Amino acid sequence: SATGCPSIPAGFNADADVQTLRGAMKGAGTKEAPIIEVLARRTIAQRQRIKEAYKQAVGKDLAEDLSSELSGNFRSVVLGLLMLAPVYDAYELKYAMKGAGTEEACLIDILASRSNAEIKAINEVYKKEYGNLEDDVCGDTSGMFQRVLVSLLTAGRDESDRVDEAQASLDAKDIYEAGEARWGTDEVKFLTVLCVRNRNHLLRVFEEYQKISGRSIEDSIKREMSGCLEEAFLAIVKCIRNKPAFFAERLYKSMKGLGTTDSVLIRIMVARAEIDMLDIKAQFMKMYGKTLYSFIKGDTSGDYRKILLELCGGE
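Since the model is a prediction, treat every value here as computed from it, not as a measurement. (Residues numbered from 1 in each chain as written. Predicted model: local features only at pLDDT ≥ 70, side-chain atom pairs only at ≥ 80, totals over all residues. Heavy atoms only, no water.)

A. Highlighting the overall build of the protein chain. In terms of helices and strands, the protein chain carries 19 helices and zero strands. Its C-alpha radius of gyration of 21 Å places the protein chain within 12% of the 20 Å reference for a compact globule of 315 residues. C-alpha atoms of the protein chain, sized along the principal axes, occupy 70 × 45 × 40 Å. The burial tally for the protein chain puts 45% of its 315 residues in the buried class. Pairs at least 24 apart in sequence give 69% of the contacts found in the protein chain among residues at least 6 apart. As displayed, the protein chain has an accessible area near 14900 Å², and 49% of this comes from carbon and sulfur atoms. (Helix = DSSP H or I, 4+ residues; strand = E, 2+ residues; numbered from the N terminus. Rg over C-alpha atoms; globule rule 2.2 N^0.38 Å. Buried < 20%, exposed > 50% of the residue type's maximum accessible area, 1.4 Å probe, protein only. Contact = heavy atoms within 4.5 Å. Areas by Shrake-Rupley, 256 points an atom, 1.4 Å probe, with all protein chains shown as cover.)

See below:
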């Protein structure tokens, strides 16, 4: 029974939601408002229940029905909301590598920010749905950037909170000597430290690094590297320091200036909605002096705007 399930608040009725969704898709033209009303205001767990109830009542797949009724960015958000987190991440990774060209930002966003458990789950879903994730990443990327992604895919980062002071000093020195202190950069040293050590330890390494080199690790990465590799290492450092701030910055950059990078905006709004959206909003305000809500409002339109604002939740 639903009553014993903590993630389902009182008043949730999957069958009623199914009727609402069916009504929205009946007849000529699709009514988007009820779809937003239902899907953007339910938890991931509730949406899974709605999917089951829909299949039971209609004998069809909810995602397939919505997919054929909707289009564009609005459709992308709705379909993302119907997926469990690792399923959505695996789907995003697959489509980032599909066809000509690769959306490297997607690979970086996801792999630099997920925990070991999350990456293991993504690997499993990917295997079931599409094949081998590591093979696909290797087929689509190259050089040191590829090696960083492969390291992250092993989901082997130390997740303890132990700081080894002597090792932290050594790590900082190694990175300094691999970068700023020499001609040409030994990127493997950066990989070994940034992709393997735990968060507390790395925060210590960053402090030590600042002392030795007189500049932040971020500044050094920007000076020493370029392209996707630079982006990947920066993302790792930023996620270690403050994950919500990393996502706030990605959202800001996806909307500032001309045009909107919708793929980034959608991915973060959908994937973080139930994880750290409140923290991301607070960081956004702190960093840019404007609300995330106002940015989304000014940068998007129509039903796409409405559903994103629901996910953002109030000013």
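B. Expanded view of a negative patch on the surface. There is a patch of like negative charges on the surface, built from E118, D158, E159 and D161. Tracing the backbone through its elements, the reader meets E159 in the loop between α10 (143–153) and α11 (165–178). (Patch = residues over 30% accessible without salt bridge, like charges linked within 9 Å, V, L, I, M, F, W, Y side chains within 5 Å. Salt bridge = Lys/Arg side-chain N within 4 Å of Asp/Glu carboxyl O. Lys, Arg positive; Asp, Glu negative; His and termini not counted. Charge placed at Lys NZ, Arg CZ, Asp CG, Glu CD.)

C. A look at the packing of aromatic side chains. Applying the stated criterion to the full structure yields 10 aromatic pairs. Ring centres of Y91 and Y95 lie 4.7 Å apart, and the angle between their planes is 45°; on these two criteria the pair is classed as tilted. Of this pair, Y91 and Y95 both sit in helix α6 (residues 85–97), four residues apart, which is roughly one turn of that helix. Given a relative accessible area of 27%, Y91 falls into the partly exposed group. Between Y252 and F295, the ring centres sit 5.4 Å apart and the planes meet at 45°, which makes this aromatic pair tilted. On the criterion of sequence distance, the pair formed by Y252 in helix α15 (residues 227–255) and F295 in helix α18 (residues 292–299) is long-range, its members being 43 residues apart. Among the aromatic residues, ring-to-ring pairing joins Y252, F284, Y288 and F295 into one connected group. (Phe/Tyr/Trp six-rings, centres within 6.5 Å; stacked < 30°, edge-to-face > 60°.)

D. Just the packing of helix α2 (residues 32–39) against helix α5 (residues 72–81), in detail. Here α2 crosses α5 at 35°, and the two axes come no closer than 11 Å. As α2 packs across α5, the resulting crossing turns out to be left-handed. Residue-level contacts link E32, I35, I36 and L39 of α2 to F74, V78 and L81 of α5. Residue classes in the contact of α2 with α5 are distributed as six nonpolar, no polar and one charged. (Axes fitted to C-alpha atoms, helices over the stretch in contact; angles between N-to-C directions. Left-handed = near helix turned anticlockwise from the far one by under 90°. Nonpolar A, V, L, I, M, F, W, Y, C, P; charged D, E, K, R; others polar.)

E. Examining the environment of Q46 more closely. Within the secondary structure, Q46 is located in helix α3 (residues 44–58). When the C-alpha positions of Q46 and F12 are compared, they lie 7.9 Å apart, and in sequence the two are 34 residues distant.

F. Focus on the pattern of salt bridges. This model, assessed by the stated rule, comprises 21 salt bridges. Among the salt bridges present, the one from R250 reaches D109, with a minimum N-O distance of 2.7 Å. Remark: D109 occurs in helix α7 (residues 104–113) and R250 occurs in helix α15; sequence separation between them is 141 residues. Like D109, R250 is buried. For E249, the salt bridge goes to K238, with nearest N and O atoms at 3.0 Å. A relative accessible area of 22% means that K238 is categorised as partly exposed.

G. Representation of the side chain of D276. Assignment of secondary structure puts D276 in the loop between α16 (262–272) and α17 (277–288). Take D276: its relative accessible area is 8%, and that puts it in the buried class. Residues within four places of D276 in sequence aside, it is in contact with P244 and F247.

H. Summary view of unusual backbone geometry. The backbone phi angle of A155 is positive, close to 50°, even though this residue is not glycine. Summarising the element assignment, A155 is placed in the loop between α10 and α11.

I. View of the environment of E208. For E208, the location among the structural elements is in helix α13 (residues 199–213). For the pair E208 and A168, spaced 40 residues apart in the sequence, the C-alpha separation amounts to 7.4 Å. Not counting residues up to four positions away in its chain, the partners in contact with E208 are A168, S169 and A172.

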